[in-house]
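Overview (structure and organization)
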Amino acid sequence: MQNSKKAFKEALKYIPGGVNSPVRAFKSVGTNPLFIDSGKGAYIKDIDGNSYIDYVQSWGPLLFGHCDEDIMKACKKALKKGSSFGAPTLLETKLAKAILKEFKHIDKIRFVSSGTEATMSAIRLARGYTKRDKILKFDGCYHGHSDSLLVSAGSGAATFNTPSSLGVLEDVAKNTLVATYNDIKSVEALFDKHKDIACVIIEPIAGNMGLVPAKQEFLEKLQALCKKNGTVLIFDEVMSGFRASFHGSFGINGIEADIITFGKVIGGGLPAAAFGAKDEIMSILSPLGGVYQAGTLSGNPLAMAAGLASIKKAKKDKNLYKNLGKLAYRLSSGLKEAANAANIALQTCCVGSMFGFFFNENEVNNYQDARKSNLQHFASFHKAMLKRGIYLACSQFEVGFICAKMNEKMIDTTINAAFESMKEL
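Residues numbered from 1 in each chain as written. Predicted model: local features only at pLDDT ≥ 70, side-chain atom pairs only at ≥ 80, totals over all residues. Heavy atoms only, no water.

Let's shift gears to the sheet that holds strand 16 (residues 400-401). Pairing within the open sheet is antiparallel, and its 3 strands lie in the order 13-14-16. Both outer strands of the open sheet, strand 13 (347-351) and strand 16, are each paired with one neighbouring strand and no more. Here 5 bridges tie strand 13 to strand 14 (residues 354-358), and the two strands are oriented antiparallel to one another. Bridge pairing links Cys350 to Phe355 in strand 14. Running over the sheet, helix 12 (residues 320-341) touches strand 13 and strand 14 and is turned about 180 degrees from strand 13. (Pairing = 2+ DSSP bridges. Helix = DSSP H or I, 4+ residues; strand = E, 2+ residues; numbered from the N terminus. Contact = heavy atoms within 4.5 Å. Axes fitted to C-alpha atoms, helices over the stretch in contact; angles between N-to-C directions.)

Spelled out as structure tokens, the structure:
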């Protein structure tokens, strides 16, 4: 990994921390990050020429793996016409129709360039619609790095044990209420105390404290509380949309949120995200109404082409999610067996093509539970797996992803590596 070490040393001179997103620095696993040269299917190759089975898949967007031929073809076709216009294109409408066709409880959708933009805009929209100030989120859920949401945040913030950020004003943070994930009583207590809650935002399948699905009963009661109090319910499906199932969390729990945010898969590996809701809510969005939102690269034709190709391909393959789920379950079960054989406590979980594991004695239901995990075990395990050609998410508080280019042989190779790595712990 000498070339990666040199590259990181060089990057540190010009980029804060040497990376453009904190978790990539590999600090939580105590080593230097790998610099990636290329990817193909289920594999990535670093600049030293080492090949790895990639369970990060760009943190979720690559449902069909790296350099999928159909997505690449769609991108090339779009690129020949131009990379950006700052004006409407037919591709925007086509992707909007494709998404809305699958989510009957939303009428309109607005594209942006990142998940952070999507959740930030969704909250502004909810505040404009309800004419209320306060928002409620959950400890450990990460919804991007906008000021009002960097309060008890998960993911990269959890990795560095900084649940909030410098630079976030107290006047902003005071309007963000924080409840405990999967604990409806903590939500009820906040609703009893505050009558001006504009919205509740939640990852219905949390992926930024590690993989922690919300329980069905909890989500049902949360929805009822929101309806009772005239509060907008926002499901952040930037990660789980078209990932946990073709219909995201809705395909699993059947709960209709008032606003949904999408990202990752809908861009097919290019920067794209979106937020959608009923006409009643979306009609107050500029240029129709007074809630302002804009973006030069929103609806970028390359991202729209890649996302459309990705969603069309996912819909066409009727067995895709079933097969991905089987592989995720096989891997999760294998990791658990490997830990048991080494007498190491490990909790595993999988939802569709998403999987996670915690070096933890007990079941993980929220961020407080997740933080009790053995981070040193995770760091050692990550290093040992990397040495054996397995590229896992470089944080205990992140999720792994299965792609369509993976097969049982790759999963078994990973499980065998896990048995060896667990023995080293």
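This next bit is on the packing of helix 12 against helix 15 (residues 408-424). Running from N to C, helix 12 and helix 15 cross one another at 20 degrees; their axes reach a closest spacing of 8 Å. If you check the angle between helix 12 and helix 15, you find them roughly parallel. Here helix 12 runs over helix 15; the crossing is right-handed. Facing helix 12, whose interface residues are Leu327, Arg330, Leu331, Gly334, Leu335, Glu337, Ala338, Ala339 and Ala341, helix 15 presents Glu408, Ile411, Asp412, Thr414, Ile415, Ala418, Phe419 and Met422. (Parallel < 35°, antiparallel > 145°, perpendicular 65-115°, else oblique. Left-handed = near helix turned anticlockwise from the far one by under 90°.)

UniProt feature "modified residue: N6-(pyridoxal phosphate)lysine" (unreviewed entry): in the numbering of this structure it lies at Lys264. Tracing the chain through its elements places Lys264 in the loop between strand 11 (259-262) and strand 12 (273-277). Overall, Lys264 belongs to the partly exposed group, its relative accessible area being 23%. One polar contact links the side chain of Lys264 to the main-chain carbonyl oxygen of Trp59, over a distance of 3.2 Å. (UniProt positions renumbered as here; feature names shortened; annotations may be inferred. Buried < 20%, exposed > 50% of the residue type's maximum accessible area, 1.4 Å probe, protein only. Polar contact = N/O pair within 3.5 Å; in protein donor to acceptor, adjacent residues only side chain to side chain.)

Here the focus is the environment of Ser240. Take Ser240: it is sitting in the loop between strand 10 (232-237) and helix 9 (250-253). On a C-alpha basis, the gap between Ser240 and Trp59 in space is 11 Å, while along the polypeptide they are 181 residues apart. Residue contacts for Ser240: discarding those within four places in its chain leaves Ile205, Ser245, Gly248 and Met354.

Before going further, it helps to examine the domain arrangement of the chain. In many reports, interface size means the accessible area that the parts give up when they come together. The domain boundaries assigned to the chain delineate domain 1 (1-67 + 318-423) and domain 2 (69-316). Look at where the C-alpha atoms of domain 1 and domain 2 centre, and you get two points 25 Å apart. Listed by partner, the interface residues are 39 residues for domain 1 and 41 residues for domain 2. Buried surface at the junction of domain 1 and domain 2, both sides included, amounts to about 3,300 Å², of which 62% is carbon and sulfur. By the criterion of area lost to domain 2, the three top residues of domain 1 are Phe64, Tyr321 and Tyr367, representing 20% of everything that side buries. In this structure, Glu363 engages Lys215 in a salt bridge whose closest nitrogen and oxygen atoms are separated by 3.8 Å. Applying the counting rule to domain 1 against domain 2 returns 11 residue pairs in polar contact (both at pLDDT 80 or more). Element by element, the count of residues in the side of domain 1 that touches domain 2 is highest for strand 14, at 4 residues. Residue classes in the side of domain 1 that touches domain 2 are distributed as 23 nonpolar, 11 polar and 5 charged. (Domains from an automatic or database assignment. Buried area = accessible area lost by both parts, 1.4 Å probe. Salt bridge = Lys/Arg side-chain N within 4 Å of Asp/Glu carboxyl O. Nonpolar A, V, L, I, M, F, W, Y, C, P; charged D, E, K, R; others polar.)

A few words on the packing of aromatic side chains. Scanning all chains against the criterion turns up 16 aromatic pairs. Measuring from centroid to centroid gives 6.1 Å for Phe242 and Phe262, while their planes differ by 40 degrees, and the two rings are tilted. Of the two residues, Phe242 sits in the loop between strand 10 and helix 9 while Phe262 sits in strand 11, which places them 20 residues apart along the sequence. The two residues Phe242 and Phe262 agree in class, both being buried. Residues Phe357 and Phe381 carry aromatic rings whose centres are separated by 5.8 Å and whose planes lie at 85 degrees to one another, so their mutual orientation is edge-to-face. Of this pair, Phe357 sits in strand 14 while Phe381 sits in helix 14 (residues 375-387), and the two are 24 residues apart along the sequence. You can call Phe381 buried: its relative accessible area is 0%. Ring-pair connections join several aromatic residues into one group, and the members of that group are Phe103, Phe242, Phe246, Phe262 and Tyr321. (Phe/Tyr/Trp six-rings, centres within 6.5 Å; stacked < 30°, edge-to-face > 60°.)

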